[in-house]
Structure formats: structure tokens, C-alpha cells
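Here is how the chains run, residue by residue.
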Amino acid sequence: MSTPAHKTRSRSRVGPLTEGTASSLDVDALLDDPHTGIIVCCGSGGVGKTTTSAALALRAAEHGRRVVVLTIDPARRLAQSMGIEALDNTPRPVVGVATEGGGSLDAMMLDMKRTFDEVVESQAAPEKARQILENPFYIALSSSFAGTQEYMAMEKLGQIHAAAQREGTYDLIVVDTPPSRSALDFLDAPERLSSFLDGRFIRLLLAPARGPARMMSAGFGIITNALTKILGAQVLRDMQTFVAAFDTLFGGFRQRAQKTFELLQADGTAFLVVAAPEPDALREAAYFVERLSEDRMPLAGLIVNRASPQPEGVLSADEAMAAAARLRKHEPDSLTAGLLRLHADQSRMVEREARLRERFAAAHPEVPTAVVPALAGDVHDLDGLRRIGDLLAGG
Amino acid sequence: MTGHAARIQGLPRVTRQGPANTLHYVSEQKHDWPRVRLHVVTGKGGTGKSTVAAALALALASHGKNVLLCEVEGRQGIARMFDVDPLPYEERRIATGLPGPEGSPGVVHALHIDPESALLEYLAMYYKLGRAGRALDRFGVVEFATTIAPGVRDVLLTGKVFEAVQRNSRNKSAIRYDAVVLDAPPTGRIAQFLNVNNELAGLARMGPIKSQADTVMTLFRSPRTAVHLVTVLEEMPVQETADGIGELREAGLPVGGVVVNLVRPRDLDAGDLTSALAGSLDRSTIRSDLKEAGVEDGNGLVDGLVAEARDHAERRALEDEQRALVGDLSVPTYELPRLAGGVDLGALYELATELRKQGMA
């Protein structure tokens, strides 16, 4: 989902920022560096962001860091193995982590509505909070509003970070983000909230609640008439109640969003963009990379997941196909012909993926990259995460 | 067609031409969804739902048929797939359909739906709010409605899809489509997306927007709609597909078929797969075959091929497990191959041919 900021600010593409070719991403150096306090994984859907976040967190913990991983929507079995099936918005210790190095790992799954409710409760007096929580507009907004999830992930990050600073609970927070471009919407949150608050429409909605305003202009009449006609008077009333009740909260939200933004820009934060070697996923990755550098967010590197394994031998795809055809002429279901065709298919996949990665690297040579080969099966236990961790670290 | 030409404002620079009838012949048979006018295509990220939506649109556009392919996520994926200029908020011819036995193919049109334009069009169409619509825009109402107000975005997007399926007298000169294919939001959000009119109808207990929302829900819940789910044969996407079907059924939305995409090539038969897994492939036969085909066994080629076969067999076994789970969903399923070269325009027609062969269109 795009935001007003995407629309109004025309974006130009960002090309190479340095000379030379992309270096490889040293994952262990990043995890072991005590200055790394926050790692944010972003990328489009289906590229293995959640698994990557969990694998990074586990590896860091087993390297002696005290880690919490905040995930959005893990696969059921992975969630089970980490002990976070329950959505209770509180980090829980993960059982089975090797803690000889003095590290630890907690995990939690984000409950977006719960987080939103908590913010309202902490910001408003009980009576007012109750009013907001019961308003039909709030209920719809807090559970289904596009962008809420992204914003709440950052809200939770801010909370956990503040608590960790206060109580010394964690020294590394790994954050998984929702699977969409709007994962970067939190970057716009402060700007968005200000424009929302200062918007004429909000002032208009608030006008009756704030007493007789001088808005009874021609424009006002047209607007309220149109809205009543489209929405009906009752909806408009609910909306006004909601906005009036929420008005006092927005100031607080704006401040918090600004703080989170600064936290993300700080030195201790590292963004990792996760992608698969597919044109769409890499195009999204380019978007993330460009957007992050535009907002001067500390980008640590790109992780390309699910890369096809390099076939052995030097036989090219074309040669293999030609040989397979020759064999099939004499023996239609020749095993060797089948093997050669598989080899050709595999070589073509690898070639295509390598070309896509090269194109990305040519446009963004400043982004260190780690390539993780595809595993045959899905990952749903700590051992699987350890394997991914090894692969991420180049092992 | 000529009667509708006025609505296709500004002829597109390019209409992609598909294969001519003589090159590609797929027999027109009764397909599985004869009553469906609205095909909603969803799927987990990375499963290729946009590709499947495009291929389905091509497959449905047989002789004399007009098919509309809609996208709602602001990605311009259709323009990219068909290699044409970015699409505006306006129906455009983008390609000829997949030819059938009865002569020239139909036409696929495309529409990129964005909520702002949909809102302004809606206001103009239903409320004759030309001036007031612009005033709403000036006052930030359009921005509020499309980005901040809960659910309104989805109401507008689904509302426009509804309008394209159920053309009425307010939009006289518009093309009446034989089918509309919607490249919809991902599986995790689909029930909520389609059900949003219902949610809104709950929020607005009366008034004109409620009756509009109710009408839209009636179409979405009717047998004229089918929600197809795209998956790949991996654990998470299959699980999500099963969950998605559950959510759709709970919301009273009609579940269509499951399209299994990116299926691995099947160059080895069951017996060879078993031997590959057991590590008992006959290396000497392979070696002599290679020699016969004129391939040098340098650098451990035989070992490499055997290792690749084992890896492939492992993945095929995992695919089969997931395929069985897809079978248990008891909905029609279709399978599309993974194309090593990626998806281009030719590939879309290839996939369309597959879908038609298997009876999806």
C-alpha cells in the first residue's frame, strides 16, 4: 500500500553510490559487534524474512549476545519450536539455545491490536481510553487499517528498546517486518501523523466538537452535505467522536514516532534487506535499498535466500540438452537423458539467478551481499535455524 | 468491438499479439467454471499469483471473448509482464487471448485500479459530485478516505471491480466483459479484503454506502465469483492455502481452484527417483550412455549428475507430500511448471495453454 508521502514526493532511482563491485556481507562480524543493537530485516513476501530473522537471532545468542527476536507471522511449526504460538505480546525465552557463551534468546510474536490498545491505554485517562477502545472506527482501524501493523511493529521495537536500556535485559533486538513495501511506512509515520493532524479535513471533523468554529463557509456546507449523502449521518457522527477522542493522543504518537525514527537512524541499528533471486523480489529489494539510503538509514547489506545450488561439472545447459536429445532418439525413457535434462534445467536456473544478482550489484555495488542456497525442506526447528545461520555466515 | 471503442480512451500504443491459431491449437472444451464471471486470484507472496492471473486471463479470452485483468496493489505488474507502458486508471487492450479451435482469439484488457481515482469516479458516477468531488479532494477528504480511514481503500478497490463485472446503465458506453480476472492481495489478507464491504456495512448501519456495500457482497458471495488460490509445493504456502480456504469458507466466499505453480520438471520416473534417493543409480550405464551421446566424463560429471539426481529426488519427495495435502483440500487443482528461463510474454501463453488443457478456462 502506498502512502501519501510516496505519492507527493516524486522518487528518482538511486544508482551506484560507490565505485567497484559488491563485497560479501560478513554476517558474523555484524552479529558479534557489540555496537549492533538493532537488526531490522525487510523485504517482500515469501523471501524467507521470518526464518532469516530467527536464524540471525539464534546465531547471535549462541555467540554470546542477549537477544530478543520480534516476529510478525512465523510458520506454525517454527513458532512452536520457538515456543511462541501464543500471541501474548510478551517476549518468552526460547528453549534449547546453547547458552555456554553467556547469551540468551527470547522471542515474541507481534499482536498488532494489543500493541495499539496498550498505547491508547498508556496515553489516555481510563475513561477516555475506554471511549476510544469501544468506538467502531477505532476497532476497524486497529485491526485492519493498512499500515497499522508496520507502525505497531516499530512501536513495539521502541518499547522493547526502552525497556532493554532501562533494565539491561537485551543487547540485541532483531525485528522481522511485515511483508510489503509498506514495511517502510513507519519511516513516514511522523510526517504522516503531522499532515493528518494539521489536515483541513480533521479540523473540519473536529469543528463541532470544539464549539462553533468559523468554518461555516461555502466549502464546509458542500463537504458535510456530500459526506452525509455518501456515508449517512450516523457514520459521520461516529467518525467525529473517534477523531475528537483520538485528537489528544496524536501529539503523543507523533513524538514517539519521531523517537523511533531517530532510533532507527542511529549507529547501533543495521537494516538487512532480504530477497529471493527472482526479478520481482530483487526489484522490491532495490526499492528498499534506495529508500533506506534516501532516509539515511544504516543499511548493512542484502541477503539473497533460496539460491539454486550450483550444479557440478562444466557441461553447459545447451550441451546437456543436445546430448539428452541424442540419447532419447534411441531410448525414449533413458535415465541418463533425464539426468542431463535435470542438469540443464539446474544450470539455466543458476545462470538466470546469477545474472539477476549481477544486475542488482551493478546498480548497487555499495551493498554487501550474502547468498544462501535453498535447502531441500522447510525449516521448523532450532537445528534448521542453525543450518541457515551457518549458511548466512558463509559456511 | 467498434461500439465499445469510445470507452477505450486513446488506443494503446501496443497490443501484444499472441500466437496465431495455426501455431497453437488447444481444443475448446467445457471448462470447470462456466458460470463464473469474476475470477479472484490470490496466493502467498512469491508463489506467482500475478503470473497465474495473467495466464488465466489469456486462457479465458478465447474466440470473441472480452476479458478484463485488474490489479489493485499499485505495482504495475501487468504492464511489466506484458511489456507495455505503465497502465493508467483506464481500461486498455493489452493482448490478444489464447486462440482456440474456432478462429481468432478474444481480447484481454487491463485496468490498474487505484483508490483515489476509484473514489472520484464513484462520486461522479453515483452522486454526480463533480464539483463537490473536487472540493472533497481539496479538503483532504480523498487522501483521508484512501489512506487513513479504515477499510475504505479496500471498499473502493473492490467497488470498482464490482462495477467492471456488473456494468450498469450509469456506465453505458463501457465494455461488457465476459470475465474479469482480479490479481488480488495475498492469501493472508484475501478474506478480509473481499469481506471489507461486509465490515463496512456493519460500520455504516444504514445509508446509501450500506446498500452499495451489500450489493457488492452479494456478487462476491454468489456462484458468479470464484476465489482461486495459487501455491507452490512447499510446506508454508500449502498450509497458508489451507488456512485461506478455511477463512474464505467461514466468510461465505466461494472457493475456486488451487493452482500449484512452479512445479519441478519430471524427467525421472518413480523407479529412478527411488534409486537416486538410495544412491543406487547405475553409474556404469550412465557413463556408457554419456560416451554414446558424445559427452566427455571430465571433472566428475557422473558424480555430479548422481548428486543432482539425489537432491532432485529429495525435493520431489517433499513435493509429493505437499501434493497429497493439496489433494486433501478437495477443490479442483491445476499444475503449472516452473520455467527455468523465467516468465516472459511467451511463457504467459504457454502457461495459459496449460490452464486451458487442464480445464481451468
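Residues numbered from 1 in each chain as written. Chains lettered and ligands numbered in written order. Predicted model: local features only at pLDDT ≥ 70, side-chain atom pairs only at ≥ 80, totals over all residues.

### Structural notes on the overall build of chain B
So, point 1. In terms of helices and strands, chain B carries 14 helices and eight strands.
So, point 2. Here chain B holds 361 residues, and the buried ones make up 50% of them.
So, point 3. Considering only contacts in chain B between residues 6 or more positions apart, those separated by 24 or more positions represent 77%. (Helix = DSSP H or I, 4+ residues; strand = E, 2+ residues; numbered from the N terminus. Buried ≥ 20, exposed ≤ 12 C-beta atoms within 10 Å, placed from the backbone. Contact = placed C-beta atoms within 7 Å.)

### So, the overall build of chain A
So, point 1. A tally of helices and strands in chain A yields 16 helices and eight strands.
So, point 2. In chain A, 78% of the contacts between residues at least 6 apart in sequence involve partners at least 24 apart.

### Describing the nonpolar core
So, point 1. In this structure, Leu56(B), Ala57(B), Leu58(B), Leu69(B), Val180(B) and Val181(B) are the most contacted members of the largest nonpolar core, which totals 90 residues.
So, point 2. Ranked by size, the runner-up nonpolar core spans 88 residues in total, among them Cys41(A), Val97(A), Val175(A) and Leu292(A). (Core = buried A, V, L, I, M, F, W, Y, C linked by C-beta atoms within 7 Å.)

### Remarks on the sheet that holds strand β1 (residues 38-43) of chain B
Residues and elements named next belong to chain B.
So, point 1. Read across the open sheet, the eight strands follow the order β3-β4-β2-β5-β1-β6-β7-β8; overall the sheet is mixed. The strands lining the two open edges of the sheet, one partner per strand, are β3 (92-96) and β8 (333-337). Ignoring which end each strand starts from, the neighbouring axes of this sheet average 25 degrees apart.
So, point 2. Of the strand pairs in this sheet, strand β2 (residues 66-71) and strand β4 (residues 107-112) are connected by six bridges, and their pairing is parallel. Note that in β4 the partner of Asn66 across the bridge is Val107.
So, point 3. Along the sheet, helix α7 (residues 187-194) contacts β1 and β6 (225-231); its crossing angle with β1, the most-contacted strand, is approximately 145 degrees. (Pairing = 2+ DSSP bridges. Axes fitted to C-alpha atoms, helices over the stretch in contact; angles between N-to-C directions.)

### Regarding the sheet that holds strand β6 (residues 269-275) of chain A
Pairing between the strands of a sheet comes from backbone hydrogen bonds, and it takes one of two forms, parallel or antiparallel.
Residue and element names in this part refer to chain A.
So, point 1. On the basis of which strands lie adjacent, the open sheet formed by eight strands has the order β3-β4-β2-β5-β1-β6-β7-β8 and mixed pairing. Either end of the sheet is taken by a strand with one partner, and the two such strands are β3 (92-93) and β8 (369-373).
So, point 2. Where strand β7 (residues 299-307) lies against β8, four bridges are found, and the strand directions are parallel. In the sheet register, Ala307 faces β8, and the bridge partner there is Pro373.
So, point 3. Packed on one face of the sheet, helix α13 (residues 279-294) meets β1 (38-42), β6 and β7 and runs near 160 degrees to β6.
So, point 4. This element, helix α16 (residues 382-392), spans β7 and β8 of the sheet and lies at about 135 degrees to β8.

### What about the environment of Ala270(A)?
Residue and element names in this part refer to chain A.
So, point 1. The topology assignment puts Ala270 in strand β6.
So, point 2. The sequence separation of Ala270 and His35 amounts to 235 residues, and the corresponding C-alpha distance is 10.0 Å.
So, point 3. Ignoring sequence-local partners within four residues, the contact set of Ala270 consists of Leu30, Thr36, Ile39, Pro298 and Ala300.

### Side note on the pairing of strand β4 (residues 104-109) of chain A
Residue and element names in this part refer to chain A.
So, point 1. Burial analysis of β4 places five of its six residues in the buried class, which makes it a mostly covered element.
So, point 2. Here strand β2 (residues 66-71) pairs with β4 via six bridges, running parallel. Opposite Thr71, over in β4, you have Met109 as the bridge partner.
So, point 3. Sheet topology note: the β3/β4 ladder contains two bridges and is antiparallel. When the sheet's bridge partners are listed, Arg92 is paired in β4 with Ala107.

### Some remarks on the environment of Leu156(B)
Residue and element names in this part refer to chain B.
So, point 1. Inspection of the secondary structure puts Leu156 in helix α6 (residues 152-165).
So, point 2. On the basis of neighbour count, Leu156 is assigned to the buried category, with 24 C-beta atoms found within 10 Å.
So, point 3. C-alpha separation for the pair Leu156 and Glu121, spaced 35 residues apart in sequence, amounts to 10.0 Å.

### Details of the pairing of β8(B)
Residues and elements named next belong to chain B.
So, point 1. Burial of the side chains of β8 is restricted to one face: Tyr334 and Leu336 are buried, whereas none of Thr333, Glu335 and Pro337 on the reverse face is.
So, point 2. When strand β7 (residues 255-263) meets β8, the two strands line up parallel, connected through four bridges. Looking at β8, one finds that Val259 is bridged to Tyr334.

### A short note on unusual backbone geometry
So, point 1. A positive phi angle is found at Arg296(A), which is not glycine, with a value near 50 degrees.
So, point 2. Assignment of secondary structure puts Arg296(A) in the loop between α13 and β7.
So, point 3. Residues other than glycine seldom take positive phi values, yet Leu262(B) does so here, at roughly 60 degrees.

### Some words on helix α12 (residues 283-292) of chain B
So, point 1. Considered for burial, the residues of α12(B) that qualify are Ile286(B), Asp289(B) and Leu290(B). Seen along its axis, α12(B) keeps its buried residues to an arc of 100 degrees; they face one direction. Facing away from the buried surface of α12(B) by more than 90 degrees, the exposed residues are Ser284(B), Thr285(B) and Lys291(B).
So, point 2. Turning to α12(B), the residues buried within the fold contact α14 (317-330) and α15 (335-363) of chain A together with α13 (301-327) of chain B. (Arc of directions from axis to C-beta.)

### Quick notes on the packing of α12(B) against α13(B)
When two helices pack together, their arrangement is given by the angle between their axes and by how far apart the axes lie.
Residue and element names in this part refer to chain B.
So, point 1. For the pair α12 and α13, the least separation of the axes is 10 Å and the interaxial angle reads 120 degrees. On the basis of their axis angle, the class for α12 and α13 is oblique. Here α12 and α13 pass one another in a crossing that is right-handed. Where α12 approaches α13, its residues Arg283, Ile286, Arg287 and Leu290 are matched on the opposing element by Leu301, Val302, Leu305 and Val306. (Parallel < 35°, antiparallel > 145°, perpendicular 65-115°, else oblique. Left-handed = near helix turned anticlockwise from the far one by under 90°.)

### Some words on α14(A)
So, point 1. Between its first and last C-alpha, α14(A) extends 21 Å over 14 residues, near the 20 Å set by a 1.5 Å rise per residue.
So, point 2. Looking at the buried residues of α14(A), the elements they touch are α15 of chain A together with α12 of chain B. (Expected span 1.5 Å × (residues − 1).)

### Brief notes about the confidence of the model for chain A
All names here are of chain A.
So, point 1. With 80% of its residues at a pLDDT of 70 or more, chain A has an overall mean of 82.
So, point 2. Highest mean pLDDT in chain A belongs to helix α2 (residues 27-32) (97); lowest belongs to helix α1 (residues 4-8) (40).
So, point 3. In the model, residues 1-9 has pLDDT below 50 throughout and makes 17 contacts with residues more than four positions away in sequence or in other chains.
So, point 4. Note on residues 209-216: pLDDT is under 50 here. Beyond four places in sequence and across chains, it has six contacts. (pLDDT = per-residue confidence, 0-100.)

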